[in-house]
Amino acid sequence: MPRTPYIAANWKMNKTVAEAAEFIDALLPRIAATQHDVVVCPPFTALHEVVERRRGTAVRVAAQNMHFEESGAFTGEVSAPMLVELDVEAVVLGHSERRQFFGETDEALAKKVPAALAADLEPILCVGESEAARDAGQTDEVLERQLRADLAEVADEDVAKVVVAYEPIWAIGTGKVATPEQAQEACAFIRDVLRARGAAADDVRILYGGSVKPGNAAELLALPDVDGALVGGAALVAEDFAAIVEAA
Ligand code: 13P
């Protein structure tokens, strides 16, 4: 079975409810015919609006983070059941900005990924190396360490329910996109690591993220092990995001 292309818009800390509504209204007619998985990841405050506006369409909705516990004294956090109640279908976990600025650890991710799966939320697990790690020739080592740690508590037969996003930190928001060779090599390596641990690796969707734009999307998305894109900046403009969906 070929893997269905998966194109996700990570809005990060952008868009009010009104701006989110405007985006969805502009996006829907542009992607009405797509057969791809199209996912929008708004901030928590706009989740409800986006869920309601996309009802009856192919667009799916993901949160950008969640806590691994279902409830409790965790001020400022949101749990999987709270997202599910809103009809959110997926959740981004381990984005490098959360690892870098908010202390997200592999230990927490090892609990978050199974918690998302248990709640029927599709985890979009982000992994990726820093520029220093790449320069030191440690890209594979970093990716393998993150995958092993973050998926440690996921059963082999459940790994294919996880979407993995390869996001080299040096390519995020920098305009410095990975070359097709770098993206293919890293995504193929990720698939090999998943296969080695006993997962149905050929069924796992592996996305590339980092300065994806309408102009470079087709080349990246044509790579054999790149099954989609996790798009930041270019996903804030409905026309640009639609163009990336179309390029897949
Ligand atoms: P940019 O597309 O802005 O580089 O961001 C990528 C990203 O971090 C998506 O999660």
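Sequence order as written defines the numbering, with residues in each chain counted from 1. Under the rules for a predicted model, residues below a pLDDT of 70 receive no local features and side-chain atom pairs below 80 are neither given nor counted, while totals for whole chains, interfaces and linings still include all residues. Heavy atoms from the whole structure form the basis of all side-chain values; hydrogens and water molecules are not counted.

Caption draft 1: Structural detail: the pairing of strand S3 (residues 59-63). Buried residues are those whose accessible area, probed at 1.4 Å on protein chains only, stays under 20% of the maximum for their type, while exposed residues exceed 50% and partly exposed ones sit between those limits. The secondary structure listing takes helices from DSSP runs of H or I that are at least 4 residues long and strands from runs of E that are at least 2 residues long, numbered from the N terminus. Counted residue by residue, S3 has four buried out of five residues, so it is predominantly covered. By definition, the crossover connecting two strands over a helix is right-handed if that path, from the first strand to the second, turns clockwise as seen with the strands pointing away from the viewer. Crossover connection from strand S2 (residues 37-41) via helix H2 (residues 44-53) to parallel S3: handedness right-handed. Handedness of the β-α-β unit built from S3, helix H3 (residues 80-85) and strand S4 (residues 90-93) comes out right-handed.

Caption draft 2: Structural view of helix H10 (residues 238-247). Regarding H10, the residues found buried are Ala238, Phe241, Ala242, Ile244 and Val245. Seen end-on, H10 carries its buried residues on one side only, within an arc spanning 155°. On its buried face, H10 sits against strand S1 (6-10), helix H1 (17-30), S2, helix H9 (214-221) and strand S8 (228-231). Directions pointing from the helix axis toward each C-beta atom define the arc. Contacts are assigned to residue pairs with any non-hydrogen atoms lying within 4.5 Å of each other.

Caption draft 3: A look at the site of the ligand. Contacts to the ligand come from 13 residues, most closely from Lys12, His95, Gly173, Ser211 and Gly233. Lys12 is positioned with one of its side-chain polar atoms (N or O) 2.8 Å from an oxygen atom of the ligand. A 3.5 Å cut-off defines polar contacts: any pair of N or O atoms within that distance qualifies, except that in protein one atom must be a possible hydrogen donor and the other a possible acceptor, and neighbouring residues in sequence count only when both atoms are side-chain atoms. Within the side chain of His95, a nitrogen or oxygen atom sits 2.8 Å from an oxygen atom of the ligand. As a working rule, the residues Ala, Val, Leu, Ile, Met, Phe, Trp, Tyr, Cys and Pro are called nonpolar, Asp, Glu, Lys and Arg charged, and the rest polar, with Gly in that last group. The residue inventory of the shell around the ligand, partitioned by class, reads four nonpolar, seven polar and two charged. Distances are taken per atom, and a residue is near a molecule or strand as soon as one of its heavy atoms is within 4 Å of it.

Caption draft 4: Structural context of the sheet that holds S3. Pairing in this closed barrel of eight strands is parallel, and the strands run S1-S2-S3-S4-S5-S6-S7-S8 around the ring. Put simply, the sheet's adjacent strands are angled 25° from each other on average, direction ignored. Strands are labelled as partners when DSSP assigns at least two bridges between them. In this sheet, S3 lies alongside S2 in parallel orientation, the contact comprising three bridges. Within S3, the residue paired with Val39 across the bridge is Arg60. With axes taken as lines fitted to C-alpha atoms, and helix axes fitted only over the stretch in contact, angles between N-to-C directions fall between 0 and 180 degrees. Across the sheet, helix H7 (residues 139-150) lies against strand S5 (122-127) and strand S6 (163-166), angled at about 150° from S5, the strand it touches most. Each of S5, S6 and strand S7 (206-209) touches helix H8 (residues 180-196); the most contacted strand, S6, lies at about 145° to it.

Caption draft 5: Highlighting the packing of H9 against H10. Between H9 and H10, the shortest axis-to-axis distance is 8 Å and the interhelical angle comes to 25°. In terms of their interaxial angle, H9 and H10 are classed as roughly parallel. Between H9 and H10 lies a crossing of right-handed hand. When H9 is examined against H10, the residues Pro214, Ala217, Ala218 and Leu221 are found in contact with a partner set consisting of Asp240, Ala243, Ile244 and Ala247. Here the contact of H9 with H10 is built from residues that sort into seven nonpolar, no polar and one charged. Should an angle fall under 35 degrees it is called roughly parallel, over 145 degrees roughly antiparallel, and 65 to 115 degrees roughly perpendicular, with every other angle called oblique. Rotating anticlockwise by less than a right angle from the far helix to the near helix defines a left-handed crossing, while the corresponding clockwise rotation defines a right-handed one.

Caption draft 6: Up close: the side chain of Ser211. Summarising the element assignment, Ser211 is placed in the loop between S7 and H9. By relative accessible area, Ser211 is classed as buried at 9%. Within the local environment of Ser211, its side chain forms a polar contact with the backbone nitrogen of Lys176, the two atoms lying 3.5 Å apart. Not counting chain neighbours up to four residues away, the residues in contact with Ser211 comprise Ala171, Gly173, Thr174, Gly175, Lys176, Val177 and Asn216.

Caption draft 7: Focus on the layout of surface pockets. Here a cavity denotes grid points, spaced 1 Å and computed from the protein atoms alone, that fit a 1.4 Å probe unable to get out, and a pocket denotes an open set having protein on both sides within 12 Å along at least 5 of 7 lines; residues with an atom within 4 Å of a point are the lining. Grid points are joined across faces, edges and corners, and a volume is the space filled by probe spheres set on the points. Roughly 480 Å³ of internal volume is contained in the largest pocket. For the largest pocket, the lining is made up of 20 residues, of which Lys12, Met13, Gln64, Arg98 and Phe102 are closest to its centre. Within the residue set of the lining of the largest pocket, elements represented by two or more residues are H2 and helix H4 (96-101). Considering every element that reaches the lining of the largest pocket, the biggest residue donor is H4, with three residues. A class-by-class count of the residues in the lining of the largest pocket yields eight nonpolar, eight polar and four charged. Within this model, the second largest pocket holds a volume of roughly 160 Å³. As for the second largest pocket, its lining consists of Met1, Pro2, Arg3, Thr4, Glu122, Ala160, Lys161, Val162, Val163, Asp203, Val204 and Arg205.

Caption draft 8: The arrangement of the state of the cysteines in detail. In plain terms, two cysteine sulfur atoms within 2.5 Å form what is called a disulfide here. Taken as a whole and judged by the stated rule, the model has zero disulfides. Of the cysteine sulfurs around Cys126, a residue in no disulfide, the closest is that of Cys41, at 8.7 Å. Classification of Cys126 as buried rests on a relative accessible area of 2%. Counting only cysteine sulfurs, Cys126 is the nearest neighbor of Cys187, a cysteine outside any disulfide, at a range of 12 Å. Of the residues examined, Cys187 reaches a relative accessible area of 0% and is grouped as buried.

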